[in-house]
Amino acid sequence: MSIKISFRKSKLEKTSANLVLFVAERFNIRPIKNYISRLEYSYISDLLKTSDLKKRLLDFNLTSKKKIILVSIKKNIKNSEVENLGAELYGIINLGKNSEYFINTENIINNNKNFIGYFLHGLKLKSYEFNKYKSKKETRLITVNVLGRKNNLSNLDQIKFNALEQGTFYARDLVSEPGNVLHPDEYAKRLNSLRKIGLKINIYDEKKLKRLGMNTLLGVGQGSIRGSYLVTIEWNGLKNKSKPLAFVGKGVCFDTGGISLKPAKFMEDMTYDMAGSAVVVGLMKNLALRKAKINAVGVVGLVENMPGGNALRPGDILRSYSGQTVEVLNTDAEGRLVLADALTYTEEKFKPKFIVDLATLTGAIIVALGSEYAGLFSNDDKLSKQLIDAGEKVKEKVWRMPLNKNFDKLIDSKNADMQNINYIGGAGSTTAAQFLQRFILNKTPWAHLDIAGMAFSKYGGALNSGGATGYGVRLLNRLIEDNYEHD
């Protein structure tokens, strides 16, 4: 099903069409008297007496062809709550058989000039579906007509909302693709196509990576018939040469665990082990589409972790791009090997203001935080606070977890500079982050987001209907807008 949204400055007339009307808290319906007939008003008043007024939306079928949906707006409502209202509206209109709705904006009692923008943003984010491989697709189109003077969004605001939706949907699309389609070779091709929207793309294939000495990244992919890549994606929204903001993503297109093979049950979900990279790509697409006034770079390591005849073995020792050596005790702790080389290269090549990396890195973070928060590990209090604040605003929340030199002994190796897992047990997410921190060599402000519990949802969330969530695109966009973007 697809949604078409149109804006009209005309006022809502009393009509037989399906209506969406905004009312005050606890469904005070006096302000909507002018938009429905006296009989309809009386009928809804009676129904409200036995309705659950704690709900935020109530819908009433007045006839077989006319539905009225009331949206309750509380005082001092936050933008994220407005988005959730829009998402709830989608839940109602998606289940119904009606194909056209009129949203009246004239009686919105709210000071937020972008109220309707956030409302429609939530509606559109919730409407996403991935049905590319279904032979029979639902072709129903729902038209939403937004009426009234208060529906006006500036061109800039419309561009921003649209860019954020496209970036989020692109990330969701990438995560949703099966491993036989979106392998590293195909992924690199798709990223190359982003040049057309103004992004500068550099693709480092295996030959280039070998010359650079990116052996931890290459080690992960050496068991696959597919290539391994590092791709840099640059957006230069400022004319000056100011330091860019850097975002690094883990792109393990499919993770079997390698020789340290995963159990068969739920292995099919390992198509989303590249979600960190998808977030970085979606963010960069968003920045380009809205022509963000910022310099930024996205760096993604693209590999496939397979148990082939040339696969990495437990006990192998690799020399990273940083020069540090790693003893690989478990080939299923592969994401940190990909990120290790990507982080050092990003810091050295681009000398960024900060680095934020994202990865579906550990199952341990799901044990700790479930699907409510991403784990945040950082060497910088300022950057951490900015991420926490941004996450609260868009409800893509992060929770700061500890880093401490005392954890280092758990990943020190007898045979190399470090080992890639903690064999003693415990602190799985922290020791993984502690490992990554060793590859930040010049004290660049850095944050690691472990999004293993957030990238994919079996049951759906406020702004997604299940499957790939695109978690992180809106979080990082808000981080940039609030703290780093120049007017």
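Cut-off values and rules
- Residues numbered from 1 in each chain as written.
- Predicted model: local features only at pLDDT ≥ 70, side-chain atom pairs only at ≥ 80, totals over all residues.
- Heavy atoms only, no water.
- Helix = DSSP H or I, 4+ residues; strand = E, 2+ residues; numbered from the N terminus.
- Polar contact = N/O pair within 3.5 Å; in protein donor to acceptor, adjacent residues only side chain to side chain.
- Contact = heavy atoms within 4.5 Å.
- Core = buried A, V, L, I, M, F, W, Y, C linked by side-chain atoms within 4.5 Å.
- Buried < 20%, exposed > 50% of the residue type's maximum accessible area, 1.4 Å probe, protein only.
- Phe/Tyr/Trp six-rings, centres within 6.5 Å; stacked < 30°, edge-to-face > 60°.
- Lys NZ or Arg CZ within 6 Å of the ring centre and 35° of its normal.
- Pairing = 2+ DSSP bridges.
- Patch = residues over 30% accessible without salt bridge, like charges linked within 9 Å, V, L, I, M, F, W, Y side chains within 5 Å.
- Areas by Shrake-Rupley, 256 points an atom, 1.4 Å probe, with all protein chains shown as cover.
- Salt bridge = Lys/Arg side-chain N within 4 Å of Asp/Glu carboxyl O.
- Lys, Arg positive; Asp, Glu negative; His and termini not counted.
- Charge placed at Lys NZ, Arg CZ, Asp CG, Glu CD.

Structurally, Glu177 can be placed in the loop between α4 (155–176) and α5 (184–192). Polar contacts involving the side chain of Glu177 include one to the side chain of Tyr133, which spans 2.5 Å. Setting aside residues up to four positions removed in sequence, Glu177 forms contacts with Phe130, Lys132, Tyr133, Leu182, Arg190 and Thr271.

Residues Tyr187, Leu191, Phe247, Val281, Val356, Ile451 and Leu476 are the most contacted members of the largest nonpolar core, which totals 58 residues. Residue contributions to this core peak at 9 residues, all from helix α8 (residues 275–289). Contacts of Leu476, omitting those with residues within four sequence positions, involve Phe247, Val279, Leu283, Val356, Leu358 and Leu387. The next biggest cluster of nonpolar side chains, apart from the first, holds 37 residues, and it includes Val326, Val328, Val338 and Tyr345.

The final tally for this structure, using the stated rule, is 13 aromatic pairs. Aromatic pair Phe130 and Tyr133: ring centres 6.0 Å apart, planes at 55°, arrangement tilted. The partly exposed category is assigned to Tyr133, whose relative accessible area is 46%. On the basis of an interplanar angle of 80° and a centroid distance of 5.8 Å, the ring pair of Phe247 and Phe354 is categorised as edge-to-face. Of the two residues, Phe247 sits in strand β9 (residues 245–255) while Phe354 sits in strand β13 (residues 354–359), which places them 107 residues apart along the sequence. Residues Phe247 and Phe354 agree in their burial class; the two are buried. The rings of Phe22, Phe115 and Phe119 are connected pair by pair, giving a single aromatic cluster. Taking the ring centre of Tyr170 as reference, the NZ or CZ of Lys285 above it sits at 4.3 Å. Over the aromatic face of Tyr373 sits the side chain of Lys397, whose NZ or CZ is 4.8 Å from the ring centroid.

It is worth spelling out the sheet that holds strand β16 (residues 418–419) at this point. Reading across from one edge, β11-β12-β16 is the order of the 3 strands in this open sheet, with mixed pairing throughout. Of all strands in the sheet, those bounded by a partner on one side alone are β11 (317–319) and β16. Where β11 meets strand β12 (residues 325–327), 3 bridges bridge the pair, whose relative direction is antiparallel. The residue of β12 that forms the bridge with Leu318 is Val326.

Glancing now at a positive patch on the surface. A cluster of basic residues, Lys14, Arg30, Lys33 and Arg38, forms a positive patch at the surface. Position of Lys14 among the secondary structure elements: in the loop between β1 (2–8) and β2 (18–24).

As a further point, take the pattern of salt bridges. This structure, assessed with the given rule, holds 29 salt bridges. With its nearest N and O atoms 2.2 Å apart, the salt bridge here joins Glu88 to Arg56. Of this pair, Glu88 sits in helix α2 (residues 79–95) while Arg56 is found in the loop between α1 (38–48) and β3 (57–61), placing the two residues 32 residues apart along the sequence. Looking at Glu88, the relative accessible area reads 29%, which means it is partly exposed. Note that Lys250 and Glu334 form a salt bridge whose closest N and O atoms lie 3.3 Å from each other. Of this pair, Lys250 sits in strand β9 while Glu334 sits in the loop between β12 and α9 (335–350), and the two are 84 residues apart along the sequence. Residue classification places Lys250 among the buried positions, given a relative accessible area of 1%. Using a relative accessible area of 2% as the deciding quantity, one classes Glu334 as buried.

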